[in-house]
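Structural features, examined
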Amino acid sequence: MALRPIKLLHHLWKQTWVARARSNVTTSRIMRPDDANIVGNVHGGTILKMIEEAGCIIGTRHCNTQNGDRCVAALARVERTDFLHPMFIGEVAHVSAEITYTSKHSVEVQVNVLSENIVTGAKKLTNKATLWYVPFSLQNVAKIIEVPPIEYSSPEQEEAGKKRYEAQKLERLETKERNGEIIMSVSLPEPYTVAFSQSSLIHLVGPSDCTLHGFVHGGVTMKLMDEVAGIVAARHCKTNIVTASVDAINFHRKIKKGCVITISGRMTFTSNKSMEIEVLVDADPLVEAEKGKYRAATAFFTYISLDKDNKPLPVPPLKLDGEEEQKRFEEGKARYLQNKAKRLADKERQQ
């Protein structure tokens, strides 16, 4: 039966609104004192948590546009994320997310964060991030749902997305090979050594940390990881420190409600103006103790030291002890030089 003109217009408007709502998402929130450090800089972990929330919303919406099992999009990986400008208490964070690629079982979401000074009206881009999600069935948490495809503006756009997908898939496999390492504590270490600044945080996973599945939100994990990395950086420098960037964050296994998670951080590399901190997340299922502890997530955070005017300060050199620390330092130096070269290349392309 044909729709009457008014009903037809309403139907088309509704379909257009739904399509737009599913293709992009924007969330906004004012930054409060408990979102920031003692000098008013918003924690990097707070921003990462907002980024993940927007990504989860759009990923879950998209994966539920088809018939079949209802599902929730779970965070699998976050690509390198740069903190371009600091955000402060009283500013409004506007987080916009858009789906840019889909494979059979994963969704790529690109997120931009703008900070707005609501007194002056000034806005600035503070973050750009790429996240990968995998949809899990609400009826069976072990079942991965097939992802509805998206339409691309050109074959080149689809091909570029496929290359990004293959690259992150390869790197995730390489990261899993390094998951046997643990961070050991050392008593009375010397200042500016790895042992002196290494830190751990223990957290019991509660209902407010979890998705509908009963598994931890990726944003909760990232916030805790940033807190530990910040403690490591502050112990090393004894100054105000802020997150400068986050290398790829890989989520290897889900963390269930009731687990005790240990988030450990250690300094791996220092340049003149920055510090790289490796963060490892281990989960211990208390109820299902027979399953044993496992490595749940890993990442490298980069921090910079600031003076009272938010100007970069020199970072004390890291004192190394043994072949393992020297090896990690050289690997960190290689990442630092690679990222520096990439930033310079990006800058030249923009000019």
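Computed from a predicted model, the values in this text were never measured in an experiment.

Observations regarding the packing of aromatic side chains
Scanning the model with the defined rule gives 6 aromatic pairs in all. For the ring pair Y101 and Y165, a centre distance of 6.2 Å and an interplane angle of 35 degrees mean the geometry is tilted. Residue Y101 is found in strand β4 (residues 92–102), and its partner Y165 is found in helix α3 (residues 155–176); the two are separated by 64 residues along the sequence. Taking the relative accessible area as the measure of exposure, Y165 reaches 16% and is therefore buried. For the ring pair F269 and Y336, a centre distance of 5.4 Å and an interplane angle of 40 degrees mean the geometry is tilted. Of this pair, F269 sits in strand β10 (residues 259–270) while Y336 sits in helix α6 (residues 323–350), placing them 67 residues apart in sequence. Take F269: its relative accessible area is 5%, and that puts it in the buried class. Overall, the relative accessible area of 25% leaves Y336 in the partly exposed class. Members of the aromatic cluster, each reached through a chain of ring pairs, are Y101, W132, Y152 and Y165. The lysine or arginine in question, R253, covers the ring of Y294, its NZ or CZ lying 3.9 Å from the ring centre.

Focus on the domain arrangement of the protein
By convention, interface size is frequently given as the accessible area that disappears when the constituent parts associate. Splitting the protein by domain gives domain 1 (22–174) and domain 2 (189–350). Here domain 1 and domain 2 have C-alpha centroids that lie 20 Å from each other. Taken residue by residue, the interface counts 27 residues in domain 1 and 28 residues in domain 2. Overall, the association of domain 1 and domain 2 removes approximately 2400 Å² of surface from exposure, summing both partners, and the carbon and sulfur fraction of that is 59%.

Notes on the packing of helix α2 (residues 44–63) against helix α5 (residues 218–237)
Two elements in contact, α2 and α5, have axes whose closest approach is 8 Å; the angle formed by their N-to-C orientations is 165 degrees. As summarised for this structure, α2 and α5 are arranged roughly antiparallel, according to the angle between their axes. Seen along the crossing, α2 lies across α5 with a hand that is right-handed. Contacts between α2 and α5 involve G44, G45, T46, L48, K49 and E52 from the former and G218, G219, V220, M222, K223 and D226 from the latter. Of the residues assigned to the contact of α2 with α5, the class counts are 3 nonpolar, 5 polar and 4 charged.

Comments concerning the pattern of salt bridges
It is possible for side chains bearing opposite charge to pair when their charged atoms get close. All chains considered together, the criterion is met by 16 salt bridges. Of the charged contacts, one joins K49 and E53 as a salt bridge, the two residues approaching to 3.0 Å between their closest N and O atoms. Here E53 and K49 lie together in helix α2, a separation of 4 residues that amounts to about one turn. For E53, a relative accessible area of 38% corresponds to the partly exposed category. For D247, the salt bridge goes to R80, with nearest N and O atoms at 2.9 Å. Within this pair, whereas D247 is found in the loop between β8 (240–246) and β9 (249–251), its partner R80 is found in the loop between β2 (71–78) and β3 (81–83), the two being separated by 167 residues in sequence. By sharing partners, the salt bridges in this structure join R77, E79 and E171 into a single network.

A closer look at the UniProt feature "active site" (unreviewed entry) in the protein
The feature "active site" (unreviewed entry), as given by UniProt, occupies N37 and D226 in the numbering adopted here. Taken along the chain, the residues just named run across 190 residues; in space they keep tight, none of their C-alpha pairs more than 12.3 Å apart. By the element assignment, N37 lies in the loop between β1 (24–30) and α2. Of the residues examined, N37 reaches a relative accessible area of 18% and is grouped as buried. In contact with N37, other than residues within four places in its own chain, are H43, N240, I241 and V242. In this fold, D226 is placed in helix α5. Owing to a relative accessible area of 3%, D226 belongs among the buried residues under this scheme. Not counting chain neighbours up to four residues away, the residues in contact with D226 comprise H43, G44, G45, T243, F301 and Y303.

Some remarks on the pairing of strand β12 (residues 294–306)
In terms of residue burial, β12 counts as a mostly covered element, since 12 of its 13 residues are buried. Looking at chain direction, β8 and β12 are connected through 6 bridges and run antiparallel. Note on β12: the bridge partner recorded for S245 is T302. Pairing analysis gives 2 bridges linking β9 to β12, with the strands arranged antiparallel. Within β12, the residue paired with N250 across the bridge is T298. Two elements, strand β11 (residues 275–285) and β12, share 9 bridges in a ladder whose sense is antiparallel. Bridge pairing in β12 links V281 to A297. Where β12 lies against strand β13 (residues 312–313), 2 bridges are found, and the strand directions are antiparallel. Counted as the bridge partner of S305 is L313 from β13.

Topic: α5
Over its 20 residues, α5 extends 29 Å from the first C-alpha to the last, a length consistent with the 28 Å expected when each residue adds 1.5 Å. Counting buried positions over the 20 residues of α5 gives 15, a clear majority of the element. In the stretch just after α5, K238 is the one whose phi turns positive, near 60 degrees.

Rules of the game
Residues numbered from 1 in each chain as written. Predicted model: local features only at pLDDT ≥ 70, side-chain atom pairs only at ≥ 80, totals over all residues. Heavy atoms only, no water. Phe/Tyr/Trp six-rings, centres within 6.5 Å; stacked < 30°, edge-to-face > 60°. Helix = DSSP H or I, 4+ residues; strand = E, 2+ residues; numbered from the N terminus. Buried < 20%, exposed > 50% of the residue type's maximum accessible area, 1.4 Å probe, protein only. Lys NZ or Arg CZ within 6 Å of the ring centre and 35° of its normal. Domains from an automatic or database assignment. Contact = heavy atoms within 4.5 Å. Buried area = accessible area lost by both parts, 1.4 Å probe. Axes fitted to C-alpha atoms, helices over the stretch in contact; angles between N-to-C directions. Parallel < 35°, antiparallel > 145°, perpendicular 65-115°, else oblique. Left-handed = near helix turned anticlockwise from the far one by under 90°. Nonpolar A, V, L, I, M, F, W, Y, C, P; charged D, E, K, R; others polar. Salt bridge = Lys/Arg side-chain N within 4 Å of Asp/Glu carboxyl O. UniProt positions renumbered as here; feature names shortened; annotations may be inferred. Pairing = 2+ DSSP bridges. Expected span 1.5 Å × (residues − 1).

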